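Descriptive structure summary
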Amino acid sequence: MDTRSAVLRRWLVWLGAFVFLSLLALYLLRVPLTGAAVAASLRLAGAGDVRLSVANASPWQLVLEDVGFSYRTQQFAARRVSMERSHWWQPTLGAVRVEGARVPVTIDGSDTNPWAWASYSGTGKPAAVAASMKAVPAEKISIDGQLIIHAAVLNDQALTVKFEAEPGSGNTWSGSVHATGPGISVQAEGSYGFDDQRLAFRVAQVSLELQPWQDFIQRLVVLPGGAWEISGRLTATADGTYAAKKLTAGGTVQLHDVRLANPARGFTAEGVEAELEFTDFNQLQTKPGALRVRELRKGGLVATDLAVTLALEGPERMAISRATLQTLGGRVSAEPFKVFPNQQELEATVVADGLDVEKIMALARDVPAKASGRVDGRLPIRIDESGLRLGTGWLQLKPGVYAEVQLQAAGLLTGGMAASNPSYNVLQQVETGLLRLRLTELRLEVRPPNAPPGRTATLHLAGEPADPKVKAPVTLDLNVNGPLEQLINFGLDRRLNFGTKP
């Protein structure tokens, strides 16, 4: 009996020593074993190039430092990742906190294709792992760090980001994010249900100063005519859902005191204000909204108080239901029309009210006349890659208003007239600018329906010399042969000529 007791005691001693040594070994090796386990888990989730160091490991706390890994072409890094567990026996990571996170984001596709990489070292199947997850095994997640915004040939911009999330009822997580950077602030919140895989989100506030981000904007949106100068502020809100691979989102976008300038083309727009309510961000659809511009300037032409009512009807169509502006001393409006940006063309009918003829004439070079007065009109226009083209329309002297014209075109009235004609001397003085004409009738017919080939306009003038001492009624009908659009482009060329009506 004593022998058996001695053997049993010996075995218990050896077993106790084995357990003690095993626990001691596990304790001593807890750091490398924990590091290996975390690295293996990241690789299983699809990460590659994993690096980390374990600063502390116990059943209640795990602290990782200098964490870094890649997922496809995307790099992730963090100064510290800590996990605090109140009850070590529960199957949870506890409260997870990520500090000093640093995530580069390339916004213009200038990095390598994220779906076809040559040097990615990850071997896991993250899609299968994500599909098998029913919830995040944590009690809370908080992340503090930076998003590094990158685009080709531009200096990086850093956004400071704070993210917090925690589980709620029904296997759903809710969280919020706040991002700030040079001239930008974003606040958003959302929830994700693991059972129905539905993301609901609300962007409560976006505020963006455009000037610090103008180069990034032009990397994302190709603006016509080369480099633009952009300043002012954009604000926006949004809310929606993403489920079953379908995004449904609406919201608002406002522009505040925006300035757009293209020095190469001599174009500026000052004081741009806009309010648009999106019914579908994904399809670029809005309710009718307002666009206002305090001043538009193109070369010597200045327009003010532009007011437009518009609605986006998709990425390739915009409906303009109202458009008015002040220019050339009068008011110009447009009848409702559509804009098709991808087709780079525009067709509209412009209605003019009380335009100052003197200001119109001042825009054109080498026109053989000076004039004053006010005109109304209606002109269809088409703008495409070939430039501006006018349709059948008209301009005429405003009813009840007189105009004056001073010609500088010798021979225009007396060409072919005998010097013995009683009207010869008076008409010669009119055509050479010595006498001004006081007009009671002025009408420009643009592309008359029955005009012969090559004729783009006819001009009818009727009046008498402005000097009351000279009594010589004048009626003048002129033909414009050649591209009338050259006048709109502020100059005449050799293809455009004037002639008296036969």
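Above: the structure in question.
The sections below set out a description of the structure shown in this document.

Rules used throughout
- All residue numbers refer to position in the chain's written sequence, counted from 1.
- pLDDT decides what is reported in this predicted model: residues at 70 or higher carry local features, side-chain atom pairs at 80 or more are listed and counted, and totals for whole chains, interfaces and linings draw on all residues regardless.
- Where side-chain values are given, they derive from all heavy atoms of the structure, hydrogens and water being excluded.
- Note on definitions: salt bridges are taken to be side-chain nitrogens of Lys or Arg within 4 Å of carboxyl oxygens of Asp or Glu.
- Secondary structure elements are defined from DSSP: runs of H or I of at least 4 residues count as helices, runs of E of at least 2 residues count as strands, and each element is numbered from the N terminus.
- Burial classes: relative accessible area under 20% of the type maximum marks a residue as buried, over 50% as exposed, and values in between as partly exposed (1.4 Å probe, protein chains only).
- The arc in question is traced by the directions running from the helix axis to the C-beta atoms.
- In this description, contact between two residues means that some pair of their heavy atoms is separated by no more than 4.5 Å.
- Patch building starts from residues that exceed 30% relative accessible area and form no salt bridge, then joins like charges within 9 Å and nonpolar side chains (Val, Leu, Ile, Met, Phe, Trp, Tyr) within 5 Å.
- Only the protein chains shown count as covering a residue, and every accessible area follows the Shrake-Rupley method with a 1.4 Å probe.
- Pairing of aromatic side chains requires ring centres within 6.5 Å, counting the rings of Phe and Tyr and the six-membered ring of Trp. Pairs whose planes differ by under 30 degrees are stacked, by over 60 edge-to-face, and all others tilted.
- Any Lys NZ or Arg CZ found within 6 Å of a ring centre and within 35 degrees of that ring's normal is scored as a charge over the ring.
- By the convention used here, strands pair only if DSSP detects at least 2 bridges between them.

1. Section: the pattern of salt bridges
Within this structure, the stated rule accounts for 20 salt bridges. With a shortest N-O distance of 2.7 Å, Arg-317 and Glu-313 are connected by a salt bridge. We note a salt bridge from Glu-404 to Arg-436, for which the minimum N-O separation is 2.9 Å. Separated by 32 residues along the polypeptide, Glu-404 in strand S24 (residues 403-407) and Arg-436 in the loop between helix H6 (424-431) and strand S25 (437-446) bring together distant segments of the chain. Judged by relative accessible area, which is 27%, Glu-404 ranks as partly exposed. Classification of Arg-436 as partly exposed rests on a relative accessible area of 28%. Through salt bridges with shared partners, a single ionic network connects Arg-97, Glu-99, Asp-144, Lys-162 and Glu-164.

2. Remarks on H6
Along H6, the residues classified as buried are Tyr-424, Val-426, Leu-427, Val-430 and Glu-431. With its buried residues spanning 165° around the axis, H6 presents them on a single face. Considering only its buried residues, H6 is in contact with S24, S25, strand S26 (455-465) and strand S27 (474-481). Gly-433 sits one or two positions beyond H6 and adopts a positive phi of about 90°.

3. Considerations on a nonpolar patch on the surface
A cluster of nonpolar side chains, Leu-199, Tyr-242 and Leu-247, forms an exposed patch at the surface whose accessible area comes to about 230 Å². Tracing the sequence through the fold places Leu-247 in strand S11 (residues 246-262).

4. As for the side chain of Ser-142
Residue placement: Ser-142 occurs in strand S5 (residues 140-150). Not counting chain neighbours up to four residues away, the residues in contact with Ser-142 comprise Val-96, Arg-97, Val-98, Phe-163 and Glu-164.

5. Thoughts on the packing of aromatic side chains
On inspection of all chains with the given rule, the structure shows five aromatic pairs. A centroid spacing of 5.3 Å and a plane angle of 55° characterise the contact between Trp-213 and Phe-216, whose relative ring orientation is tilted. No difference in accessibility class separates Trp-213 from Phe-216, as the two residues are buried. Where Phe-278 meets Phe-281, the ring centres are 4.5 Å apart and the plane angle is 15°; that geometry is what we call stacked. One Lys or Arg, Arg-438, reaches over the ring of Tyr-402 and ends 3.6 Å from the middle of that ring.

6. So, unusual backbone geometry
The phi dihedral of Asp-257 is positive, around 50°, even though this residue is not glycine. With respect to the helices and strands, the residue Asp-257 is situated in strand S11. Judged by relative accessible area, Asp-257 falls into the partly exposed class, the value being 47%. Although it is not a glycine, Leu-284 adopts a positive phi angle of roughly 50°. Mapped onto the elements of the fold, Leu-284 is located in the loop between strand S12 (267-280) and strand S13 (285-286).

7. Topic: the pairing of strand S21 (residues 374-384)
Strand direction decides the pairing type here: strand S19 (residues 345-356) and S21, joined by nine bridges, are antiparallel. Counterpart to Leu-355 in the pairing with S21 is Val-375. As paired strands, S21 and strand S23 (residues 393-397) are joined by four bridges and run antiparallel to one another. Paired with Gly-377 across the strands is Leu-395, a residue of S23. Hairpin geometry of S21 and strand S22 (residues 387-390) is characterised by an intervening segment of two residues between the two adjacent antiparallel strands.

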